[in-house]
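Chains, contacts and geometry: an overview
Take a look at the letters that make up each chain.
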Amino acid sequence: MKRAECIEALYPELEDRLVVTIMGATAQELYDLGHRENFFYLQHAMGLASSIGLGLAMNLPDEKVAVLDGDGSVLMNMGGLATLARYRPPNLTHIIFDNGSLLSTGGFDSHTTSGITDLAAVARGAGCPDVHLAQTLYEFVEAAAESFENDVMSTIVAKVEAVGPDHYGMDFKLPENAIRFQRFVQERVRPRGGETASVQADDLRHHPA
Amino acid sequence: MTVSRDNSKRIYEGIKRAGIHYLSALPETWLVYLLQLAEDDPEVTLVEVAKEEEAIGIAAGAYFAGRPNALLMQNHGFLASINGIVSLALLYRIPMLMLIAHRGHIGEPYPWHTQGGILTEPVLRGLSLPFDYVRDPDQVGRQIREAYTLAMSSLSPVALLLTRDIMED
């Protein structure tokens, strides 16, 4: 199966979620389906997409958070799987597209190629409570549907082909993505009141006119 | 020399008075009492990471969520976080407050801390990160509040270096 097919199948379900993607092909394939203000693309700092997802999910228990990760990025932050397992916010779904390749940086084999490192086993061993392995698009869609519904932090390792888009580029700057994403989240949570809603007002109070 | 329980409490009170109730940390000797206070405090959430760079990502997520937060780490953990600081916090303009135990500097008896201690300030300067030294328990509350204010206004990480003066009795 191709990652682009998985993301396309997922896309309607992402409308109501806060989505954090890794760099390169994964970010581009999501973007090409149509950018939404609830998407944040981490175009560098490999490994930290899942950590951003953890910070979001722990602090916004009423929101659903999805992280679109990759084998190369997870391999750079395997300790992060253990941190996710320890705090396991139930509103977080961690999807790891495993193409066995550092596709966006030259296509070199990653440690998961030929089954050397089994990321689903790593996630289970780290203590992640609900780990799915998807080999086909059908299995992926089924695993995603279940993970989005259940009340436990879920991890999906999707084995995909090492293919990506033939172009890269987005029509906004990286800090603009962060600023718009933060604003989207704040506007969404503000009507609910509570602690998160007061932060912007506090910032302004510190600010001379 | 022992870690100062009283001054750890002053730092902790400063963090809470700045409105910060979400902390990510990797335990280290000078931070022991601070982290114990956080663990025992129902008003505060403490996330313990496996490696400090994770905390850069977690802080970014908490910032997006609108939750005032801070990172507690040893200076060697700061050195281990640099790609996250550069390619997430600086690249995307994400504010964060880092409280860094400044091990390995003047007065340090343990050789293994010394290279990190000596290099911490030059690396902060190399990254153009605003920072200040924390020495006086009577000033730490103000320093935390002001560092947090600068982080939020500049959309940059800001560091406070917790020195031997304040961390040891």
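Residues numbered from 1 in each chain as written. Chains lettered and ligands numbered in written order. Predicted model: local features only at pLDDT ≥ 70, side-chain atom pairs only at ≥ 80, totals over all residues.

1. Let's talk about the overall build of chain B
Of the regular secondary structure elements, chain B holds eight helices and six strands. Listing each helix as α and each strand as β along chain B from the N terminus yields α-β-α-β-α-β-α-α-β-α-β-α-β-α. Expected size for 169 residues packed as a compact globule is a radius of gyration near 15 Å; at 14 Å, chain B falls within 12% of this value. With the principal axes as the frame, chain B shows a C-alpha extent of 40 × 35 × 30 Å. In chain B, buried positions account for 50% of the 169 residues. (Helix = DSSP H or I, 4+ residues; strand = E, 2+ residues; numbered from the N terminus. Rg over C-alpha atoms; globule rule 2.2 N^0.38 Å. Buried ≥ 20, exposed ≤ 12 C-beta atoms within 10 Å, placed from the backbone.)

2. Observations regarding the sheet that holds strand β1 (residues 22-25) of chain B
Residue and element names in this part refer to chain B. Pairing in this open sheet of six strands is parallel, and the strands run β2-β1-β3-β4-β6-β5 from one edge to the other. Of all the strands in the sheet, just β2 (45-48) and β5 (131-134) have a single pairing partner and so form its edges. The mean angle between the axes of side-by-side strands here comes to 20°, regardless of whether they run parallel or antiparallel. In this sheet, strand β6 (residues 157-162) lies alongside strand β4 (residues 96-101) in parallel orientation, the contact comprising six bridges. (Pairing = 2+ DSSP bridges. Axes fitted to C-alpha atoms, helices over the stretch in contact; angles between N-to-C directions.)

3. Observations regarding the nonpolar core
Core analysis: the biggest nonpolar cluster contains 113 residues, and L42 and A158 of chain A together with L71, L97, I100 and L162 of chain B have the highest contact counts within it. For this core, the element with the highest residue contribution is helix α3 (residues 52-64) of chain B, accounting for eight residues. Here I100 of chain B is in contact with M73, N75, F78, A159, L160, L161 and L162 of chain B, once residues within four sequence places are set aside. (Core = buried A, V, L, I, M, F, W, Y, C linked by C-beta atoms within 7 Å. Contact = placed C-beta atoms within 7 Å.)

4. Digging into the interface of chain B and chain A
Contacts between chain B and chain A engage 32 residues on the former and 32 residues on the latter. Counting residues per element, the ones that place at least two in the side of chain B that touches chain A are β2, α3, α5 (82-92) and α7 (140-154) of chain B. When the residues that make up the side of chain B that touches chain A are grouped by side-chain class, the tally is 18 nonpolar, nine polar and five charged. (Nonpolar A, V, L, I, M, F, W, Y, C, P; charged D, E, K, R; others polar.)

5. Examining the pairing of strand β1 (residues 18-21) of chain A
A regular strand places its side chains on the two faces of the sheet in alternate fashion. Residues and elements named next belong to chain A. Both faces of β1 are covered, namely the face carrying L18 and V20 and the face carrying V19 and T21. Judged from the four bridges that link them, β1 and strand β3 (residues 65-70) form a sheet pairing that is parallel. What sits directly across from L18, in β3, is V65. In terms of handedness, the path from β1 via helix α2 (residues 24-32) over to strand β2 (residues 39-41) forms a crossover that is right-handed. (Right-handed = clockwise from strand over helix to strand, strands pointing away.)

6. Structural notes on the packing of helix α3 (residues 49-59) of chain A against α3 of chain B
Relative to each other, α3 of chain A and α3 of chain B sit at 40°, their axes nearing to 6 Å. Here α3 of chain B runs oblique to α3 of chain A, going by the angle between their axes. Read as a crossing pair, α3 of chain A and α3 of chain B show a hand that is right-handed. On the side of α3 of chain A, the interface is formed by S51, I52, G53, L54, G55, L56 and N59 of chain A, while α3 of chain B contributes E54, G57, I58, A59, A60, G61, A62 and F64 of chain B. Each residue belonging to the contact of α3 of chain A with α3 of chain B can be placed in one class, and the counts come to eight nonpolar, six polar and one charged. (Parallel < 35°, antiparallel > 145°, perpendicular 65-115°, else oblique. Left-handed = near helix turned anticlockwise from the far one by under 90°.)

7. Things to note about helix α1 (residues 3-14) of chain A
With twelve residues, α1 of chain A ought to run about 16 Å at 1.5 Å a step, and its terminal C-alpha atoms sit 15 Å apart, in line with that. Where α1 of chain A is buried, its residues contact β1, α2, β3, β4 (92-98), α7 (137-149) and β8 (154-159) of chain A. (Expected span 1.5 Å × (residues − 1).)

8. Notes on helix α1 (residues 5-17) of chain B
All names here are of chain B. Taking 1.5 Å per residue as the helical rise, α1 with its 13 residues ought to reach 18 Å, and the 18 Å between its terminal C-alpha atoms agrees with that figure. Listed in full, the buried residues belonging to α1 are N7, S8, I11, Y12, G14 and I15. Down the axis of α1, the smallest arc covering the buried residues is 155°, so these residues share one side. Counted as exposed and oriented over 90 degrees from the buried face of α1: D6 and R17. In the core, the buried residues of α1 are packed alongside α2 (32-39), β3 (69-74), α7 and α8 (164-167). Looking one or two residues past α1, G19 carries a phi angle of roughly 85°, positive in sign. (Arc of directions from axis to C-beta.)

9. Thoughts on the environment of C6 of chain A
Residue and element names in this part refer to chain A. Of note, C6 is situated in helix α1. Judged by C-beta crowding, with 23 C-beta atoms within 10 Å, C6 ranks as buried. Along the primary structure C6 and F97 are separated by 91 residues, whereas in three dimensions their C-alpha atoms are 9.1 Å apart. If near-sequence neighbours (up to four positions away) are discounted, C6 is found in contact with M1, F97, L137, F140, A158 and V160.

10. Topic: unusual backbone geometry
Residue and element names in this part refer to chain A. Despite not being glycine, R88 has its phi angle at roughly 30°, a positive value. Position of R88 relative to the elements: it lies in the loop between α5 (78-87) and β4. Judged by the 19 C-beta atoms lying within 10 Å of it, R88 falls in the partly exposed class.

11. Comments concerning the packing of α1 of chain B against α2 of chain B
All names here are of chain B. Where α1 meets α2, the closest approach of the two axes is 8 Å, and the angle between their N-to-C directions is 55°. In terms of their interaxial angle, α1 and α2 are classed as oblique. As for how α1 packs across α2, the hand of that crossing is right-handed. Of α2, the residues touching α1 (which contributes R5, S8, K9, I11 and Y12) are Y33, L34 and L37. Residue classes in the contact of α1 with α2 are distributed as five nonpolar, one polar and two charged.

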